[in-house]
Amino acid sequence: MTGQMLFDSHVETLLETTVALVNRLTPGLDGGHVVVAPEDERSLRSVVRESINAQGYDVPLRRVSDQDSRMIGSVVADARRVIEDIDAGDLALAAKRTNVLLRRTGARPQLDTHGPGVWNLHFHGPDDSFGVGWSAGIAAGLAMALGTSDAGRLGVCEADRCDRVHLDTSRNGGRRFCSLRCQSRTKAAAHRARQGA
């Protein structure tokens, strides 16, 4: 896991969006703070929109329906399990779960253009609705990650009392924490332990 990542910019964006959605939509702990999944439809829609927009998109809230957000939330719960499997080193189970997601979302490759003569491989669902498209993209992004030697760049934070996930985009592939806050917390705890010994 050293050197430049194999992910192209589209796959990296899909994976970063997946990580953002997993961290906002799945319950657990974030550096000791309890994370509660959105409970009502409007909150779920807002979190889906905010997480996607944080990756450089400009999605108005009215474009995200309740059905879209429920669909994405369901796929994200399964994506979390895939990332946990990768983190545990069980790539076979991660691949099995991802294959189920690919079939469920109907993910299919498609060449899209962003300018004359420039074509990029993107992933779509059986239709171009928001929820279907993003669900298929999440599944395909995980599949693309698992299809490289860099699958291990997806992981779960190693900090105490934290289970948020991360994508390691560093050059050396050595990221272990979801945030600088968790990294600092862990280093400070290790320092205190050494001082106490």
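Caption draft 1: Examining the nonpolar core more closely. Ranked by size, the top nonpolar core spans 36 residues in total, and within it Leu 21, Val 48, Ile 72, Phe 130, Ile 138, Leu 142 and Leu 154 carry the most contacts. Looking at this core, the element that brings in the most residues is helix 5 (residues 130-146), giving 8 residues. Formed by 6 residues, the second largest nonpolar core is a distinct cluster that contains Ala 159, Cys 162, Cys 178 and Cys 182.

Caption draft 2: Expanded view of helix 4 (residues 91-105). Under the 1.5 Å per step criterion, the end-to-end length of helix 4 is 20 Å for 15 residues, consistent within 8% with the ideal 21 Å. Those residues of helix 4 that sit buried are Ala 94, Thr 98, Leu 101 and Thr 105. Along the axis of helix 4, the buried positions cluster into a sector of 55 degrees, meaning they face one direction only. When the buried face of helix 4 is taken as reference, the exposed residues oriented beyond 90 degrees from it are Ala 92, Lys 96 and Arg 103. Contacts from the buried residues of helix 4 go to helix 3 (66-87) and helix 5.

Caption draft 3: Focus on the environment of Ser 9. Along the polypeptide, Ser 9 turns up in helix 1 (residues 9-25). The exposed category is assigned to Ser 9, whose relative accessible area is 56%. For the pair Ser 9 and Asn 120, spaced 111 residues apart in the sequence, the C-alpha separation amounts to 9.7 Å.

Caption draft 4: Geometry of the packing of helix 3 against helix 4. Where helix 3 contacts helix 4, the axes come no closer than 8 Å and their chain directions differ by 160 degrees. When the axis of helix 3 is compared with that of helix 4, the two are roughly antiparallel. Classified by chirality, the crossing of helix 4 by helix 3 is left-handed. Counting all contacts with helix 3, which are made through Ser 74, Val 75, Asp 78, Ala 79, Arg 81, Val 82, Asp 85 and Ile 86, the residues of helix 4 involved are Leu 91, Leu 93, Ala 94, Arg 97, Thr 98, Leu 101, Arg 104 and Thr 105. The residue makeup of the contact of helix 3 with helix 4, split by class, is 8 nonpolar, 3 polar and 5 charged.

Caption draft 5: Molecular detail of the state of the cysteines. Scanning all chains against the criterion turns up 0 disulfides. No disulfide involves Cys 178; its sulfur sits 3.7 Å from the nearest other cysteine sulfur, which is in Cys 162. Between Cys 182, a free cysteine, and Cys 162, which holds the nearest cysteine sulfur, the sulfur-to-sulfur gap is 3.7 Å. Residue Cys 182 is classed as buried on the basis of its relative accessible area, which comes to 0%.

The rules behind each value
- Residues numbered from 1 in each chain as written.
- Predicted model: local features only at pLDDT ≥ 70, side-chain atom pairs only at ≥ 80, totals over all residues.
- Heavy atoms only, no water.
- Core = buried A, V, L, I, M, F, W, Y, C linked by side-chain atoms within 4.5 Å.
- Buried < 20%, exposed > 50% of the residue type's maximum accessible area, 1.4 Å probe, protein only.
- Helix = DSSP H or I, 4+ residues; strand = E, 2+ residues; numbered from the N terminus.
- Expected span 1.5 Å × (residues − 1).
- Arc of directions from axis to C-beta.
- Contact = heavy atoms within 4.5 Å.
- Axes fitted to C-alpha atoms, helices over the stretch in contact; angles between N-to-C directions.
- Parallel < 35°, antiparallel > 145°, perpendicular 65-115°, else oblique.
- Left-handed = near helix turned anticlockwise from the far one by under 90°.
- Nonpolar A, V, L, I, M, F, W, Y, C, P; charged D, E, K, R; others polar.
- Disulfide = S-S within 2.5 Å.

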